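Close look at the chain arrangement
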Amino acid sequence: MATISYAEYRAMRRFPALDGLRAIAAVIVVAFHFGGPRWTWLSGWVGVQLFFVLSGFLITTLMLREEESRGRVSLRSFYIRRVFRILPVYLVVLAAMYALAHLNGASGRLRESMPYYLLMVNEFAPNQAFPHSWTIAIEWKFYLVWPLLAFVFVRAAVLRRMAVTLLAIAALVALIPFEKDWPYWPIHYVSILVGCLLAVVMHHPRGYALFRPLTRPVASLAVFVGFVAVHLSLPYWPPAEDGHSELMIGVYAVAVAVLLPAMLASGLPTKVLSWRPLVFVGERSYSLYLVQYLAMTTVIALVPSYAGHSTRLFVATTVLSLLAADLLYRWVEQPMIGVGRRFSGRGKVVPATPPATPPATPASPEPPAPADRTVPPTPVLTPGGDRR
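Just so it is clear, the model here is predicted, and its values are computed rather than measured.

Before going further, it helps to spend a moment on a nonpolar patch on the surface. Residues Leu221, Val225, Leu268 and Val272 make up a contiguous nonpolar surface patch of roughly 340 Å² in combined accessible area. If you list the elements that add at least two residues to the nonpolar patch, you get α10 (217-233) and α12 (268-273). Along the chain, Val225 falls in helix α10.

With that settled, the discussion passes to the packing of helix α3 (residues 47-70) against helix α6 (residues 134-151). Following both chains from N to C, one finds α3 and α6 inclined at 30°, their axes separated by 11 Å at the closest point. Between α3 and α6, the crossing angle belongs to the class labelled roughly parallel. Where α3 crosses over α6, the two elements pack in a sense that is right-handed. In contact with Val48, Phe51, Phe52, Ser55, Gly56, Ile59, Thr60, Met63, Leu64 and Glu67 of α3, α6 contributes Trp134, Thr135, Ile138, Glu139, Phe142, Tyr143, Trp146, Pro147 and Phe151. When grouped by side-chain class, the residues that make up the contact of α3 with α6 number 13 nonpolar, four polar and two charged.

Looking at where Gly282 falls in the secondary structure, it is placed in helix α13 (residues 276-283). When the C-alpha positions of Gly282 and Ala17 are compared, they lie 9.8 Å apart, and in sequence the two are 265 residues distant.

A few words now on the packing of aromatic side chains. Under the defined criterion, the tally for this structure stands at 18 aromatic pairs. Taking the ring centre of Tyr9 as reference, the NZ or CZ of Arg65 above it sits at 5.7 Å. If you follow Arg284 out to its NZ or CZ, it ends over the ring of Phe280, 3.7 Å from the centre.

Let us now look at the nonpolar core. Nonpolar side chains in soluble globular proteins generally cluster together in the buried interior. Judged by nonpolar contacts, the single largest core of 106 residues is most densely connected at Phe57, Tyr90, Phe130 and Leu260. For this core, the element with the highest residue contribution is helix α8 (residues 186-203), accounting for 13 residues. The residues touching Leu260, leaving out its near neighbours within four places in the chain, are Leu18, Leu21, Val53, Leu54, Phe57 and Leu198.

Where α6 contacts α8, the two axes come as close as 10 Å, and the packing angle between them is 50°. When the interaxial angle is binned, α6 and α8 end up oblique. Helix-helix and strand crossings are classified by hand; for α6 and α8 the assignment is right-handed. Contact residues: Trp134, Ala137, Ile138, Glu139, Lys141, Phe142 and Trp146 in α6; His188, Tyr189, Ile192, Leu193 and Cys196 in α8. Along the lines of polarity and charge, the residues of the contact of α6 with α8 split into nine nonpolar, one polar and two charged.

This part takes up the confidence of the model for the protein. On average, residues of the protein score 87 in pLDDT, and 86% of them are at 70 or above. Confidence over residues 347-380 falls short of pLDDT 50; this stretch has 58 contacts with residues more than four positions distant or in other chains. In the model, residues 382-388 has pLDDT below 50 throughout and makes 31 contacts with residues more than four positions away in sequence or in other chains.

Our focus in this paragraph is unusual backbone geometry. Phi angles above zero are rare outside glycine, and Ser43 is one such case at about 50°. A positive phi angle, near 60°, is found at Met120, a position not held by glycine. Tracing the backbone through its elements, the reader meets Met120 in the loop between α5 (108-118) and α6. On the basis of relative accessible area, Met120 is assigned to the buried category, the value being 2%.

Within the fold, Thr61 resides in helix α3. Taking C-alpha positions, Thr61 is 7.3 Å from Val200, a pair spaced 139 residues apart along the chain.

With that settled, consider α13. Considered for burial, the residues of α13 that qualify are Leu278, Val279, Val281, Gly282 and Glu283. Buried residues belonging to α13 abut α2 (18-34), α12, α14 (285-302) and α15 (311-344).

Counted by the stated rule, this structure contains 12 salt bridges. Three or more residues are tied together by salt bridges with common partners; here these are Arg14, Asp19, Arg22, Arg276, Glu283, Arg284, Asp326 and Arg330.

A separate point is the environment of Tyr116. Looking at where Tyr116 falls in the secondary structure, it is placed in helix α5. Sequence-wise, Tyr116 and Ala137 are 21 residues apart; in three dimensions their C-alpha atoms are separated by 9.5 Å. Once residues lying within four places of it in the same chain are set aside, the contact partners of Tyr116 are Val121, Asn122, Phe124, Ala125 and Pro126.

What counts, and where the lines are drawn
Residues numbered from 1 in each chain as written. Predicted model: local features only at pLDDT ≥ 70, side-chain atom pairs only at ≥ 80, totals over all residues. Heavy atoms only, no water. Patch = residues over 30% accessible without salt bridge, like charges linked within 9 Å, V, L, I, M, F, W, Y side chains within 5 Å. Areas by Shrake-Rupley, 256 points an atom, 1.4 Å probe, with all protein chains shown as cover. Salt bridge = Lys/Arg side-chain N within 4 Å of Asp/Glu carboxyl O. Helix = DSSP H or I, 4+ residues; strand = E, 2+ residues; numbered from the N terminus. Axes fitted to C-alpha atoms, helices over the stretch in contact; angles between N-to-C directions. Parallel < 35°, antiparallel > 145°, perpendicular 65-115°, else oblique. Left-handed = near helix turned anticlockwise from the far one by under 90°. Contact = heavy atoms within 4.5 Å. Nonpolar A, V, L, I, M, F, W, Y, C, P; charged D, E, K, R; others polar. Phe/Tyr/Trp six-rings, centres within 6.5 Å; stacked < 30°, edge-to-face > 60°. Lys NZ or Arg CZ within 6 Å of the ring centre and 35° of its normal. Core = buried A, V, L, I, M, F, W, Y, C linked by side-chain atoms within 4.5 Å. Buried < 20%, exposed > 50% of the residue type's maximum accessible area, 1.4 Å probe, protein only. pLDDT = per-residue confidence, 0-100.

Put into C-alpha coordinates, the structure is as follows:
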(Lines give C-alpha, C1' and ligand atoms only; values in the text may rest on other atoms or scores of the structure.)
Protein backbone atom coordinates (compact mmCIF):
# COMPACT_ATOMS: atom_id res chain seq x y z
CA MET A 1 0.00 0.00 0.00
CA ALA A 2 1.17 3.52 -0.84
CA THR A 3 2.74 5.91 1.63
CA ILE A 4 1.96 9.62 1.94
CA SER A 5 4.40 11.56 -0.22
CA TYR A 6 6.12 14.73 0.93
CA ALA A 7 4.06 16.77 -1.54
CA GLU A 8 0.84 15.23 -0.22
CA TYR A 9 1.86 15.94 3.37
CA ARG A 10 2.63 19.56 2.56
CA ALA A 11 -0.73 19.90 0.78
CA MET A 12 -2.70 18.76 3.83
CA ARG A 13 -4.79 21.53 5.33
CA ARG A 14 -5.92 19.44 8.24
CA PHE A 15 -4.62 16.36 10.04
CA PRO A 16 -7.82 14.37 10.51
CA ALA A 17 -6.84 12.12 13.41
CA LEU A 18 -5.73 14.85 15.80
CA ASP A 19 -9.18 15.83 17.03
CA GLY A 20 -9.71 12.21 18.03
CA LEU A 21 -6.43 12.21 19.95
CA ARG A 22 -7.47 15.42 21.71
CA ALA A 23 -10.79 13.89 22.67
CA ILE A 24 -9.13 10.85 24.21
CA ALA A 25 -6.57 13.00 26.05
CA ALA A 26 -9.25 15.24 27.54
CA VAL A 27 -11.46 12.38 28.70
CA ILE A 28 -8.66 10.40 30.33
CA VAL A 29 -7.59 13.54 32.22
CA VAL A 30 -11.12 13.79 33.64
CA ALA A 31 -10.94 10.09 34.53
CA PHE A 32 -7.67 10.71 36.35
CA HIS A 33 -9.11 13.62 38.33
CA PHE A 34 -12.44 12.10 39.32
CA GLY A 35 -12.59 8.41 38.39
CA GLY A 36 -10.85 6.99 41.42
CA PRO A 37 -8.78 3.79 41.69
CA ARG A 38 -10.77 1.87 39.07
CA TRP A 39 -9.41 4.16 36.37
CA THR A 40 -5.74 4.31 37.33
CA TRP A 41 -4.95 1.84 34.53
CA LEU A 42 -5.74 4.63 32.04
CA SER A 43 -2.83 6.77 33.30
CA GLY A 44 -4.95 9.83 32.67
CA TRP A 45 -2.34 12.10 34.25
CA VAL A 46 -0.25 11.75 31.09
CA GLY A 47 -3.02 13.08 28.85
CA VAL A 48 -1.66 16.61 29.24
CA GLN A 49 1.63 15.45 27.69
CA LEU A 50 -0.31 14.40 24.60
CA PHE A 51 -1.74 17.93 24.46
CA PHE A 52 1.74 19.40 24.84
CA VAL A 53 3.32 17.42 22.01
CA LEU A 54 0.36 18.17 19.73
CA SER A 55 0.60 21.89 20.50
CA GLY A 56 4.30 22.03 19.72
CA PHE A 57 3.84 20.12 16.48
CA LEU A 58 0.86 22.10 15.20
CA ILE A 59 2.03 25.58 16.17
CA THR A 60 5.47 25.02 14.67
CA THR A 61 4.00 23.54 11.48
CA LEU A 62 1.74 26.58 11.12
CA MET A 63 4.65 28.98 11.53
CA LEU A 64 6.91 27.04 9.16
CA ARG A 65 4.24 27.11 6.47
CA GLU A 66 3.61 30.80 7.01
CA GLU A 67 7.33 31.54 6.80
CA GLU A 68 7.65 29.64 3.54
CA SER A 69 4.56 31.13 1.91
CA ARG A 70 5.09 34.73 3.06
CA GLY A 71 8.82 34.95 3.60
CA ARG A 72 8.53 35.51 7.36
CA VAL A 73 6.34 34.86 10.37
CA SER A 74 4.24 37.80 11.53
CA LEU A 75 4.69 37.79 15.29
CA ARG A 76 2.03 40.46 15.67
CA SER A 77 -0.54 38.28 13.91
CA PHE A 78 0.57 35.18 15.78
CA TYR A 79 0.28 36.76 19.21
CA ILE A 80 -3.10 38.32 18.42
CA ARG A 81 -4.47 34.96 17.31
CA ARG A 82 -3.10 33.24 20.42
CA VAL A 83 -4.60 35.88 22.73
CA PHE A 84 -8.05 35.49 21.21
CA ARG A 85 -7.71 31.71 21.07
CA ILE A 86 -6.57 31.10 24.65
CA LEU A 87 -7.70 33.92 26.91
CA PRO A 88 -11.46 34.44 26.32
CA VAL A 89 -12.57 30.96 27.39
CA TYR A 90 -9.94 30.85 30.12
CA LEU A 91 -11.15 34.14 31.62
CA VAL A 92 -14.82 33.14 31.35
CA VAL A 93 -14.16 29.89 33.24
CA LEU A 94 -11.97 31.66 35.80
CA ALA A 95 -14.74 34.22 36.41
CA ALA A 96 -17.31 31.44 36.75
CA MET A 97 -15.12 29.63 39.27
CA TYR A 98 -14.71 32.82 41.29
CA ALA A 99 -18.46 33.50 41.21
CA LEU A 100 -19.23 29.97 42.39
CA ALA A 101 -16.60 30.16 45.13
CA HIS A 102 -18.02 33.50 46.25
CA LEU A 103 -21.53 32.06 46.45
CA ASN A 104 -20.19 29.19 48.53
CA GLY A 105 -18.30 31.58 50.82
CA ALA A 106 -14.97 30.07 49.77
CA SER A 107 -13.50 32.72 47.49
CA GLY A 108 -10.52 33.44 49.74
CA ARG A 109 -8.23 30.77 48.25
CA LEU A 110 -9.05 31.76 44.71
CA ARG A 111 -8.58 35.45 45.51
CA GLU A 112 -5.16 34.69 47.00
CA SER A 113 -4.00 33.03 43.77
CA MET A 114 -5.79 35.37 41.36
CA PRO A 115 -2.68 37.46 40.52
CA TYR A 116 -0.92 34.26 39.45
CA TYR A 117 -3.89 33.19 37.33
CA LEU A 118 -4.15 36.58 35.63
CA LEU A 119 -0.41 36.76 34.94
CA MET A 120 -0.35 33.19 33.61
CA VAL A 121 2.09 31.84 36.18
CA ASN A 122 -0.47 29.39 37.54
CA GLU A 123 2.07 26.69 38.29
CA PHE A 124 3.51 28.90 41.05
CA ALA A 125 0.18 29.79 42.68
CA PRO A 126 0.19 29.36 46.47
CA ASN A 127 -2.82 27.04 46.48
CA GLN A 128 -4.81 24.74 44.22
CA ALA A 129 -7.93 26.86 43.75
CA PHE A 130 -7.75 26.40 39.96
CA PRO A 131 -5.66 23.22 40.05
CA HIS A 132 -5.48 22.07 36.44
CA SER A 133 -4.86 25.51 34.91
CA TRP A 134 -1.09 25.15 35.21
CA THR A 135 -1.06 23.47 31.80
CA ILE A 136 -2.55 26.59 30.18
CA ALA A 137 0.17 28.71 31.77
CA ILE A 138 2.86 26.35 30.49
CA GLU A 139 1.56 26.58 26.94
CA TRP A 140 1.05 30.35 27.18
CA LYS A 141 4.71 30.94 28.03
CA PHE A 142 5.73 28.58 25.25
CA TYR A 143 3.69 30.68 22.80
CA LEU A 144 5.46 33.82 24.00
CA VAL A 145 9.01 32.50 23.72
CA TRP A 146 9.10 29.88 20.97
CA PRO A 147 8.36 32.16 17.95
CA LEU A 148 11.15 34.49 19.04
CA LEU A 149 13.60 31.65 19.55
CA ALA A 150 12.84 29.71 16.37
CA PHE A 151 11.65 32.34 13.89
CA VAL A 152 13.40 35.58 14.85
CA PHE A 153 16.81 34.47 16.12
CA VAL A 154 16.93 31.56 13.65
CA ARG A 155 15.50 32.00 10.16
CA ALA A 156 14.82 29.48 7.39
CA ALA A 157 17.66 27.12 8.35
CA VAL A 158 16.49 23.65 9.24
CA LEU A 159 19.76 22.44 10.80
CA ARG A 160 20.16 25.55 12.95
CA ARG A 161 16.51 25.32 14.00
CA MET A 162 16.95 21.66 14.94
CA ALA A 163 20.10 22.52 16.88
CA VAL A 164 18.34 25.32 18.78
CA THR A 165 15.46 22.99 19.66
CA LEU A 166 17.78 20.24 20.87
CA LEU A 167 19.80 22.74 22.91
CA ALA A 168 16.60 24.05 24.49
CA ILE A 169 15.58 20.50 25.40
CA ALA A 170 19.01 19.82 26.89
CA ALA A 171 18.90 23.07 28.90
CA LEU A 172 15.49 22.24 30.32
CA VAL A 173 16.57 18.73 31.27
CA ALA A 174 19.57 20.27 33.03
CA LEU A 175 17.19 22.39 35.12
CA ILE A 176 15.64 19.28 36.67
CA PRO A 177 17.47 18.72 39.98
CA PHE A 178 16.26 15.11 40.36
CA GLU A 179 15.36 15.43 44.01
CA LYS A 180 12.11 15.51 45.92
CA ASP A 181 11.73 19.28 46.20
CA TRP A 182 12.01 20.23 42.56
CA PRO A 183 10.58 22.73 40.09
CA TYR A 184 8.40 20.35 38.14
CA TRP A 185 7.79 22.62 35.16
CA PRO A 186 10.87 22.01 32.91
CA ILE A 187 9.86 18.53 31.75
CA HIS A 188 6.56 19.83 30.36
CA TYR A 189 8.35 22.25 28.07
CA VAL A 190 10.44 19.30 26.92
CA SER A 191 7.24 17.57 25.78
CA ILE A 192 6.21 20.65 23.79
CA LEU A 193 9.66 20.95 22.24
CA VAL A 194 9.57 17.30 21.16
CA GLY A 195 6.52 18.24 19.09
CA CYS A 196 8.34 21.31 17.77
CA LEU A 197 11.33 19.21 16.76
CA LEU A 198 9.07 16.76 14.91
CA ALA A 199 7.48 19.63 12.97
CA VAL A 200 10.88 21.08 11.98
CA VAL A 201 12.16 17.70 10.79
CA MET A 202 9.02 16.79 8.86
CA HIS A 203 8.90 20.16 7.13
CA HIS A 204 12.13 19.34 5.28
CA PRO A 205 12.06 16.75 2.43
CA ARG A 206 14.93 14.70 3.85
CA GLY A 207 13.50 14.83 7.34
CA TYR A 208 10.07 13.79 6.13
CA ALA A 209 11.65 10.83 4.31
CA LEU A 210 12.65 9.42 7.71
CA PHE A 211 9.01 9.27 8.81
CA ARG A 212 7.38 8.48 5.47
CA PRO A 213 7.47 4.67 5.98
CA LEU A 214 5.20 5.17 9.02
CA THR A 215 2.47 6.53 6.73
CA ARG A 216 1.95 3.14 5.11
CA PRO A 217 -1.43 1.88 6.44
CA VAL A 218 0.02 -1.38 7.82
CA ALA A 219 2.86 0.48 9.52
CA SER A 220 0.37 3.04 10.84
CA LEU A 221 -1.65 0.29 12.52
CA ALA A 222 1.49 -1.24 14.03
CA VAL A 223 2.62 2.13 15.41
CA PHE A 224 -0.82 2.78 16.87
CA VAL A 225 -0.89 -0.62 18.60
CA GLY A 226 2.61 -0.01 19.90
CA PHE A 227 1.65 3.39 21.25
CA VAL A 228 -1.37 1.94 23.05
CA ALA A 229 0.91 -0.70 24.56
CA VAL A 230 3.34 1.99 25.77
CA HIS A 231 0.47 3.96 27.26
CA LEU A 232 -1.04 0.99 29.07
CA SER A 233 2.37 -0.04 30.40
CA LEU A 234 2.89 3.21 32.32
CA PRO A 235 1.39 1.96 35.62
CA TYR A 236 3.89 -0.90 35.61
CA TRP A 237 7.04 1.20 35.31
CA PRO A 238 9.26 0.87 38.39
CA PRO A 239 8.91 3.99 40.54
CA ALA A 240 11.80 6.43 40.40
CA GLU A 241 13.87 6.78 43.56
CA ASP A 242 12.92 10.45 43.88
CA GLY A 243 9.25 9.67 43.30
CA HIS A 244 9.05 11.66 40.08
CA SER A 245 8.29 10.69 36.52
CA GLU A 246 10.45 12.82 34.22
CA LEU A 247 11.90 9.81 32.41
CA MET A 248 8.44 8.35 31.87
CA ILE A 249 7.15 11.68 30.54
CA GLY A 250 10.11 11.99 28.17
CA VAL A 251 9.61 8.49 26.79
CA TYR A 252 5.90 9.12 26.39
CA ALA A 253 6.50 12.40 24.53
CA VAL A 254 8.78 10.60 22.07
CA ALA A 255 6.13 7.88 21.63
CA VAL A 256 3.55 10.56 20.76
CA ALA A 257 6.01 12.08 18.28
CA VAL A 258 6.35 8.71 16.54
CA LEU A 259 2.57 8.28 16.55
CA LEU A 260 1.75 11.58 14.83
CA PRO A 261 3.33 10.86 11.40
CA ALA A 262 1.68 7.43 11.41
CA MET A 263 -1.71 9.11 11.85
CA LEU A 264 -1.34 10.79 8.45
CA ALA A 265 -2.10 7.46 6.76
CA SER A 266 -5.61 6.59 5.66
CA GLY A 267 -5.58 3.40 7.70
CA LEU A 268 -7.82 2.02 10.42
CA PRO A 269 -6.42 4.14 13.32
CA THR A 270 -6.98 7.37 11.41
CA LYS A 271 -10.51 6.33 10.47
CA VAL A 272 -11.30 5.49 14.10
CA LEU A 273 -9.84 8.75 15.39
CA SER A 274 -11.75 10.67 12.71
CA TRP A 275 -15.07 9.20 13.93
CA ARG A 276 -17.51 12.07 14.19
CA PRO A 277 -18.31 11.73 17.95
CA LEU A 278 -14.58 11.81 18.72
CA VAL A 279 -14.08 14.81 16.45
CA PHE A 280 -16.98 16.56 18.21
CA VAL A 281 -15.35 16.05 21.62
CA GLY A 282 -11.89 16.90 20.28
CA GLU A 283 -13.07 20.20 18.86
CA ARG A 284 -14.33 21.12 22.33
CA SER A 285 -11.44 19.62 24.26
CA TYR A 286 -9.96 22.95 25.38
CA SER A 287 -13.20 24.13 26.99
CA LEU A 288 -13.91 20.63 28.31
CA TYR A 289 -10.51 20.58 29.98
CA LEU A 290 -10.98 24.02 31.54
CA VAL A 291 -14.51 23.51 32.84
CA GLN A 292 -14.13 20.05 34.41
CA TYR A 293 -13.79 21.21 38.04
CA LEU A 294 -16.80 23.51 37.70
CA ALA A 295 -18.75 20.57 36.28
CA MET A 296 -17.63 18.29 39.11
CA THR A 297 -18.72 20.83 41.73
CA THR A 298 -22.09 21.19 40.02
CA VAL A 299 -22.61 17.43 39.82
CA ILE A 300 -21.95 17.00 43.54
CA ALA A 301 -24.19 19.96 44.38
CA LEU A 302 -27.04 18.41 42.38
CA VAL A 303 -26.41 14.82 43.52
CA PRO A 304 -24.58 14.83 46.88
CA SER A 305 -24.32 11.03 46.87
CA TYR A 306 -21.84 11.35 43.96
CA ALA A 307 -19.26 12.96 46.24
CA GLY A 308 -16.03 11.00 46.26
CA HIS A 309 -14.00 9.83 43.30
CA SER A 310 -15.87 7.12 41.45
CA THR A 311 -16.93 5.96 38.01
CA ARG A 312 -20.29 7.68 38.31
CA LEU A 313 -18.67 11.00 39.25
CA PHE A 314 -16.27 10.67 36.32
CA VAL A 315 -19.07 9.90 33.83
CA ALA A 316 -21.40 12.59 35.13
CA THR A 317 -18.61 15.18 35.17
CA THR A 318 -17.59 14.27 31.62
CA VAL A 319 -21.15 14.61 30.32
CA LEU A 320 -21.77 17.93 32.07
CA SER A 321 -18.34 19.23 31.03
CA LEU A 322 -19.08 18.38 27.41
CA LEU A 323 -22.44 20.17 27.53
CA ALA A 324 -20.80 23.27 28.99
CA ALA A 325 -17.88 22.99 26.57
CA ASP A 326 -20.25 22.91 23.62
CA LEU A 327 -21.81 26.19 24.74
CA LEU A 328 -18.39 27.76 25.27
CA TYR A 329 -17.20 26.47 21.91
CA ARG A 330 -20.19 27.97 20.07
CA TRP A 331 -20.55 31.24 21.96
CA VAL A 332 -17.01 32.09 23.07
CA GLU A 333 -14.29 30.07 21.34
CA GLN A 334 -15.40 30.31 17.72
CA PRO A 335 -16.53 33.97 17.79
CA MET A 336 -13.31 35.04 19.52
CA ILE A 337 -11.14 33.04 17.11
CA GLY A 338 -12.89 34.91 14.31
CA VAL A 339 -12.22 38.26 15.98
CA GLY A 340 -8.57 37.32 16.40
CA ARG A 341 -8.28 36.49 12.71
CA ARG A 342 -9.79 39.80 11.71
CA PHE A 343 -7.50 41.81 14.00
CA SER A 344 -4.47 39.84 12.86
CA GLY A 345 -5.21 40.44 9.19
CA ARG A 346 -5.65 36.75 8.49
CA GLY A 347 -9.42 36.74 7.98
CA LYS A 348 -9.17 37.07 4.20
CA VAL A 349 -6.46 34.52 3.58
CA VAL A 350 -7.33 31.59 5.82
CA PRO A 351 -9.35 29.04 3.84
CA ALA A 352 -12.82 28.11 4.98
CA THR A 353 -13.07 25.32 7.53
CA PRO A 354 -13.43 21.96 5.75
CA PRO A 355 -16.23 19.52 6.54
CA ALA A 356 -16.44 18.34 10.14
CA THR A 357 -15.30 14.85 9.15
CA PRO A 358 -12.58 15.41 6.58
CA PRO A 359 -11.28 12.73 4.24
CA ALA A 360 -8.20 10.87 5.34
CA THR A 361 -6.08 12.85 2.89
CA PRO A 362 -7.69 16.26 2.41
CA ALA A 363 -7.61 17.58 -1.11
CA SER A 364 -5.25 20.42 -1.85
CA PRO A 365 -6.40 23.47 -3.79
CA GLU A 366 -4.18 22.38 -6.66
CA PRO A 367 -3.07 18.87 -7.67
CA PRO A 368 0.16 18.04 -5.86
CA ALA A 369 3.33 17.93 -7.87
CA PRO A 370 4.30 14.42 -8.95
CA ALA A 371 7.81 14.59 -7.57
CA ASP A 372 7.99 13.89 -3.84
CA ARG A 373 10.66 16.50 -3.30
CA THR A 374 8.71 19.20 -5.08
CA VAL A 375 7.01 21.50 -2.60
CA PRO A 376 3.44 22.38 -3.59
CA PRO A 377 1.92 25.81 -3.00
CA THR A 378 1.97 25.97 0.79
CA PRO A 379 -1.54 25.84 2.27
CA VAL A 380 -2.36 27.34 5.61
CA LEU A 381 -3.76 24.92 8.17
CA THR A 382 -7.41 25.49 8.94
CA PRO A 383 -8.67 26.12 12.47
CA GLY A 384 -8.81 22.35 12.90
CA GLY A 385 -5.03 22.39 12.84
CA ASP A 386 -4.77 25.40 15.12
CA ARG A 387 -6.70 24.15 18.07
CA ARG A 388 -5.43 23.09 21.46
